[in-house]
Amino acid sequence: MLISILPWLLGGLLVAAAAVVLGFMLATWWIATKAERLVPACGKFIEIGGIHYVEAGEGRPIVFLHGLGAQLHHFRHTLFGRFGAGYRLIALDRPGSGYSVRAGGASGRLPEQAEVVRRFIEELGLERPLIVGHSLGGAIALALAIEHPTAISGIALIAPLTHLEARVRQKFDLLYVPSRLKRWILAHTLAIPYSLKYAEPTMKFIFAPQAVPGDYMIAGGGWLGLRPAHFQATSTDIVAVEEDLGRLEQRYGEILMPAGILFGADDRVIGIAAHGEPMPGRIRELDFERVQGLGHMPQFVEPERVVAFIERIAARAFPA
């Protein structure tokens, strides 16, 4: 009797499991669809892996590279309207983030992303722009300065990731998924519903000790992180950064262009002791600004200070 019932029990369990998986897939689709409705594409696309970007103004070019799990609204919404005249401001969604596509088989490694930015600069016909990089975008800006120094005029880094540190990975353990297959499965089932469930504490951690802006999810583009492709790209970035950052650290002394770093002393995501304070001794004539009480998101909480910092580096990068 028991033997005859077992197949029915196993079948029932499989059906229940399939129903749960289907439920997560439908929830993921619903959340992603809502995200794209609330924050639609707002810029142009260029045929370099389908890069999505926005621009404003005319004059000396400044290209903005966002951090892990972010997108171009981190600059467009916060900084673009605060610059004076004479700048052409360009913010792009890094491959896989926002509305930019990451090519199939792309590794997300720092030199690879730096090469995409170099090609983007070339395609737009920009003459040696200043590169602004926030967080992981700062590491990509550093890779660009080291491996393609003639393509840019300088770097202005905001809370940049500069050194290989196990503690950074530990803060993002749930994103550290080395297997591509597992990343894909998680992205289309559990990752997005759970990301939405824990969005509030996650944002509080990233913005601490400052408060999360009330308009962050829409005007700041936060909803765009709640899509499968974005999760896959973010996880890939976390895994890939370990491949090259340690090697690049050894080459910071090669950077001879105008460079600056603005770092919040109370950054809880990327600590200033490990990623900021060692840098003045590594890059010649580095403009280093330490801000007491400031966390990881200066462009949202002190945009005027950030713009003043960028314009200061721009004055060195674009001498009259």
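Overview of the structure. Everything numeric in this text was worked out from a predicted model, so none of it was measured.

Time to look at the sheet that holds strand E4 (residues 87–92). Read from one edge to the other, the open sheet built from eight strands follows the order E1-E2-E4-E3-E5-E6-E7-E8, with strand pairing classed as mixed. Edge positions in the open sheet fall to strand E1 (44–46) and strand E8 (287–291), since each of these has one partner strand only. Here the average twist between neighbouring strands, direction ignored, is 20°. In the sheet, strand E7 (residues 259–264) pairs with E8 via five bridges, with the strands oriented parallel. Along E8, the bridge assignment pairs Leu262 with Glu289.

The buried fraction of strand E3 (residues 60–65) is high, at five of six residues. Pairing of E3 with E4, which is carried by six bridges, proceeds in the parallel orientation. Note that in E4 the partner of Ile62 across the bridge is Leu89. As paired strands, E3 and strand E5 (residues 130–134) are joined by four bridges and run parallel to one another. From the neighbouring strand, Ile62 faces E5, where its bridge partner is Leu130.

Bringing the packing of helix H3 (residues 110–124) against helix H4 (residues 136–147) into the picture now. Contact geometry for H3 and H4: axes closest at 8 Å, N-to-C directions at 75°. When the axis of H3 is compared with that of H4, the two are roughly perpendicular. Contacts between H3 and H4 involve Leu110, Pro111, Gln113, Ala114, Val117, Arg118 and Ile121 from the first element and Leu136, Ala139, Ile140, Ala143, Leu144 and Glu147 from the second. Residue composition of the contact of H3 with H4, grouped by class: ten nonpolar, one polar and two charged.

Two numbers describe how H4 lies on helix H9 (residues 228–249): the axes approach to 11 Å, and their chain directions differ by 40°. Considered as vectors, H4 and H9 are oriented oblique to each other. Every pair of crossing elements has a handedness; the one defined by H4 and H9 is left-handed. Taking contact as the criterion, the partners of Leu136, Ala139, Ala143, Ile146 and Glu147 in H4 are, on H9, Asp237, Val241, Leu245, Arg247 and Leu248.

Here the structure, examined in full by the defined rule, presents 19 salt bridges. Salt-bridge contacts for Glu304 lead to Arg82; the nearest nitrogen and oxygen are separated by 2.7 Å. Pair noted here: Glu304 is in helix H12 (residues 303–317) and Arg82 is in the loop between helix H2 (73–76) and E4, with a separation of 222 residues, a long-range link. Between Arg118 and Glu115 there is a salt bridge, with the nearest N and O atoms lying 2.9 Å from each other.

This next bit is on the side chain of Gln299. Considering the arrangement of structural elements, one finds Gln299 in helix H11 (residues 298–301). There is a polar contact of 3.4 Å between the side chain of Gln299 and the side chain of His134. The residues touching Gln299, leaving out its near neighbours within four places in the chain, are His74, Phe75, Thr78, Leu79, His134, Ile158 and Val306.

Here we take up the nonpolar core. Leu110, Phe120, Ile131, Ile152, Ile155 and Ile255 are the most contacted members of the largest nonpolar core, which totals 47 residues. Elements with a contribution of two residues or more to this core: strand E2 (51–56), E3, E4, H3, H4, strand E6 (154–158), H9 and E7. Look past the residues within four positions of Ile155 in its chain and what remains in contact with it is Leu130, Ile131, Ala141, Leu142, Ala145, Ile255, Met257, Pro258, Ala259, Gly260 and Ile313. Ranked by size, the runner-up nonpolar core spans 26 residues in total, among them Leu72, Val132, Leu262 and Phe309.

About the criteria used
- Residues numbered from 1 in each chain as written.
- Predicted model: local features only at pLDDT ≥ 70, side-chain atom pairs only at ≥ 80, totals over all residues.
- Heavy atoms only, no water.
- Pairing = 2+ DSSP bridges.
- Helix = DSSP H or I, 4+ residues; strand = E, 2+ residues; numbered from the N terminus.
- Axes fitted to C-alpha atoms, helices over the stretch in contact; angles between N-to-C directions.
- Buried < 20%, exposed > 50% of the residue type's maximum accessible area, 1.4 Å probe, protein only.
- Parallel < 35°, antiparallel > 145°, perpendicular 65-115°, else oblique.
- Contact = heavy atoms within 4.5 Å.
- Nonpolar A, V, L, I, M, F, W, Y, C, P; charged D, E, K, R; others polar.
- Left-handed = near helix turned anticlockwise from the far one by under 90°.
- Salt bridge = Lys/Arg side-chain N within 4 Å of Asp/Glu carboxyl O.
- Polar contact = N/O pair within 3.5 Å; in protein donor to acceptor, adjacent residues only side chain to side chain.
- Core = buried A, V, L, I, M, F, W, Y, C linked by side-chain atoms within 4.5 Å.

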